[in-house]
Amino acid sequence: MADELTPETPEESEEPIKQRKNGLYPGVSDELAENMKSGWADTELRDLEPIAQAAETAARRSALSARFPGERLVIPAGNLKTRSNDTEYAFRASVEYAYLTGNQTEDGVLVLEPTADGHKETIYLLPRSDRENGEFWLSGQGELWVGRRHSLTEAEKLHGIPASDVRELADALREATGPVRVVRGYDAGIEAALTDKVTAERDEELRVFLSEARLVKDEFEIGELQKAVDSTVRGFEDVVRVLDKAEATSERYIEGTFFLRARVEGNDVGYGTIAAAGPHACTLHWVRNDGPVRSGDLLLLDAGVETHTYYTADVTRTLPISGRFSEIQKKIYDAVYDAQEAGIAAVKPGGKYRDFHDAAQRVLTERLVEWGLVEGPVERVLELGLQRRWTLHGTGHMLGLDVHDCAAARVESYVDGTLEPGMCLTVEPGLYFQADDLTVPEEYRGIGVRIEDDILVTEDGHRNLSDGLPRRSDEVESWMASLKG
């Protein structure tokens, strides 16, 4: 990684350019500073087309405007976060901001200013790096260090929103009058400028509205989710093909293999990949991925590709590393498969959100009672939640711009709500027998199984977006053999 220049700040700069304490250059001569100002080609992009979701983001802003008439609404993208010293984590814009704009750049802020008949929209962004004060080559966030930013004119063309310099926004917000709401938690500077104008309760209402607005996906979002799932299917195929290499190394080979697919075909993984082999499968969010991969064990792979527009898949398959399930592994796997079948069948418009969870839990509970692992009857076990020792988690969640999307929605709109066409959720029952669980026979211990698919609610039922991956145990074995062969 290159060492940034550390100049004396040019006199023209409005803000000091951060200097590296132990940089090798003590400053910039007047001659060099003047030289760097000129001799550059015009790189303005003049033939830009609007982003693919421009019509959808405009409709979302219109719905937001209608919900909060007469109020100034402030939705920040967020800022870079330091990883260590002078390096930052990869930036990901807030889902609220990305949902309303399609823009993904740090420090951006969408402002809806009230008017007599709605709102005036402005997207506040950093303009292109300044050539006059040297920021483009002297600052660690300048164009020659991290890449070119769009000009404000380019941003307007791409997003269909008038664009202004975000460096002027905080002062303007301090002078603003009238009711204001802001999405909190992303931009401390913007929040500080509004500190005497907002309340936590009113701001939470804005956050909740934007979360619930994402419950039903539009056609663009459904298309992006399908892209994410299709790439994820290919990533799972990649993993099966290299299981022998994972056996020679560790779970990290599996994680790295899937990540390659995610970065080539998408933006990133949608969450930390769970590549859990053997007893690690019983740890629900095993993301250390540093354990051995052994023939004869199961691999629980929970992973999802995130598209360039931030929509993520979330798929789990539990695979026999050798390619064949043992008798006890198949017994447990088939129980989870039957539970998932019951859960998926319960996903339909007009049904309760909880129906798929209840259906899957009932099947798993019936098997646990049948196997003698918990004393029945089934209704008693379910009432007391005794099955949860081995099922542990809920059977699914909403999916979209976040892997656990719409999390701020009201309980009555989400968990206690009714399914509608356009909703997308996961169905993911599991059974987990911890290696140290003395309440089950030894042959069960250390076996963890989860099967997860991404299910879209349709007008007449549901569609399994991830049906490109086999689920039934015999189909899994045939699929793995074909890939390894």
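Reading guide: rules and limits
Residues numbered from 1 in each chain as written. Predicted model: local features only at pLDDT ≥ 70, side-chain atom pairs only at ≥ 80, totals over all residues. Heavy atoms only, no water. UniProt positions renumbered as here; feature names shortened; annotations may be inferred. Pairing = 2+ DSSP bridges. Helix = DSSP H or I, 4+ residues; strand = E, 2+ residues; numbered from the N terminus. Axes fitted to C-alpha atoms, helices over the stretch in contact; angles between N-to-C directions. Contact = heavy atoms within 4.5 Å. Buried < 20%, exposed > 50% of the residue type's maximum accessible area, 1.4 Å probe, protein only.

The protein has the name Xaa-Pro aminopeptidase in an unreviewed UniProt entry, where Streptomyces coacervatus is given as its organism. Regarding the protein, the UniProt comment filed under Cofactor (unreviewed entry) reads as follows: "Mn(2+)". As its UniProt record puts it under Catalytic activity (unreviewed entry), the protein is described as follows: "Release of any N-terminal amino acid, including proline, that is linked to proline, even from a dipeptide or tripeptide."

A. Examining the sheet that holds strand β1 (residues 72–76) more closely. On the basis of which strands lie adjacent, the open sheet formed by five strands has the order β6-β5-β4-β1-β7 and mixed pairing. Of all strands in the sheet, those with a lone pairing partner are β6 (163–165) and β7 (180–182), marking the two edges. Averaged over all pairs of adjacent strands, the angle between strand axes in this sheet comes to 25°, irrespective of strand direction. Where β1 meets β7, three bridges bridge the pair, whose relative direction is parallel. Paired with L73 across the strands is R181, a residue of β7. In the packing of helix α2 (residues 54–67) onto the sheet, contacts are made with β1, β4 (109–115) and β5 (118–125), and the angle to β4 comes to roughly 50°.

B. Structural view of unusual backbone geometry. Of note, the amide linkage connecting G376 to P377 takes the cis form, showing an omega dihedral of 5°. Mapped onto the secondary structure, P377 falls in the loop between α14 (355–370) and α15 (378–384). Phi at D107 is positive, roughly 70°, even though this residue is not glycine. Residue placement: D107 occurs in the loop between α3 (95–101) and β4. Among the residues examined, D107 registers a relative accessible area of 23% and is labelled partly exposed.

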